[in-house]
Amino acid sequence: CLKKRDWSDCKLTIGCPGDEDSIIIPIHGEKETDINKIMKNAYYNAIRLLEDSQNVSIESSVVLKTLACELFMKAIIIQKKGVQQRGHDLYDLYYELPEEQQQEVLDSYLLWTIPIGTEITEDIVGVKCDSFFDMLSVNARLFEVVRYKHEYSTIVFHDGYIQFLAKALKGVCEELNIDRE
């Protein structure tokens with residue numbers, strides 16, 4: 001009977017074993033412990049995912065953009081709260097953002113969706129806010145759902161909303177100077 005091997009303590013040596021110029025790398029990588037490095041890694045990985053999302057199929061693109069949204073939110077949470085957030089649910093992560101950053105994203109959505117020249121009323125703002133949270137709910141688990149699309153008969157998502165959300169969150173990160181810390 002074959003068993004799955006445990007590689008957790010195994011390391012790869014590049015170079016001659018015992019040579020001081022050799023590089024030793026854990027097979028499963030090393031977890032970063034510096035929270036500021038984790039924040040920067042999340043931000044820069046999100047940037048790369050957004051760039052990569054422009055050259056692939058729509059399904060691959062939406063997975064990359066959704067993951068970018070997740071990483072941007074996690075970077076903001078680390079910077080503002082000093083904690084590392086787990087999970088992939090965009091709705092839950094949005095509510096972990098500080099209220100000020102939640103409002104910035106919502107304000108960006110209002111600017112994106114209300115046509116120039118429209119008289120802004122409480123009713124219009126209310127409808128657009130409802131739309132924002134509906135879209136956030138619909139797309140909340142998109143990263144997970146698209147990765148497991150073989151288990152679903154249909155998938156509903158709004159690519160334009162995910163693209164908007166990624167750009168809005170990137171803007172919040174830039175405003176917070178996460179890219180310069």
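As shown above, the structure is provided for reference.
Predicted model only: the values in this text are computed from it and were never measured.

**Q** Help me understand the nonpolar core in this model?
**A** Nonpolar side chains in soluble globular proteins generally cluster together in the buried interior. One finds Phe72, Phe132, Tyr161, Leu165 and Leu169 to be the most contacted residues of the largest nonpolar core, which totals 48 residues. Counting residues per element, this core draws most heavily on helix α2 (residues 58-81), which supplies 13 residues. Those residues in contact with phenylalanine 132 that lie beyond four places of it in its chain are Tyr94, Val105, Leu106, Tyr109, Tyr161 and Phe164.

**Q** I tried to follow a nonpolar patch on the surface on my own but got confused; where do I start?
**A** Among the surface-exposed residues, Ile14, Ile23 and Ile25 lie close enough to one another that they form a single nonpolar patch of about 250 Å² accessible area. Along the polypeptide, isoleucine 23 turns up in strand β2 (residues 23-26).

**Q** Where do I start with the side chain of glutamine 101 in this structure?
**A** The topology assignment puts glutamine 101 in helix α4 (residues 99-113). In this structure glutamine 101 touches Ile76, Lys80, Val172 and Leu176, once residues within four positions along its chain are discounted.

**Q** Would you mind showing me how to read the environment of histidine 158 here?
**A** With respect to the element layout, histidine 158 can be found in the loop between α6 (142-147) and α7 (159-175). By relative accessible area, which is 35% here, histidine 158 ends up partly exposed. The contacts of histidine 158, once residues within four sequence positions are left out, are Met135 and Asn139. At 3.3 Å, the side chain of histidine 158 forms a polar contact with the backbone nitrogen of glycine 160.

What counts and what doesn't
- Residues numbered from 1 in each chain as written.
- Predicted model: local features only at pLDDT ≥ 70, side-chain atom pairs only at ≥ 80, totals over all residues.
- Heavy atoms only, no water.
- Core = buried A, V, L, I, M, F, W, Y, C linked by side-chain atoms within 4.5 Å.
- Buried < 20%, exposed > 50% of the residue type's maximum accessible area, 1.4 Å probe, protein only.
- Helix = DSSP H or I, 4+ residues; strand = E, 2+ residues; numbered from the N terminus.
- Contact = heavy atoms within 4.5 Å.
- Patch = residues over 30% accessible without salt bridge, like charges linked within 9 Å, V, L, I, M, F, W, Y side chains within 5 Å.
- Areas by Shrake-Rupley, 256 points an atom, 1.4 Å probe, with all protein chains shown as cover.
- Salt bridge = Lys/Arg side-chain N within 4 Å of Asp/Glu carboxyl O.
- Polar contact = N/O pair within 3.5 Å; in protein donor to acceptor, adjacent residues only side chain to side chain.

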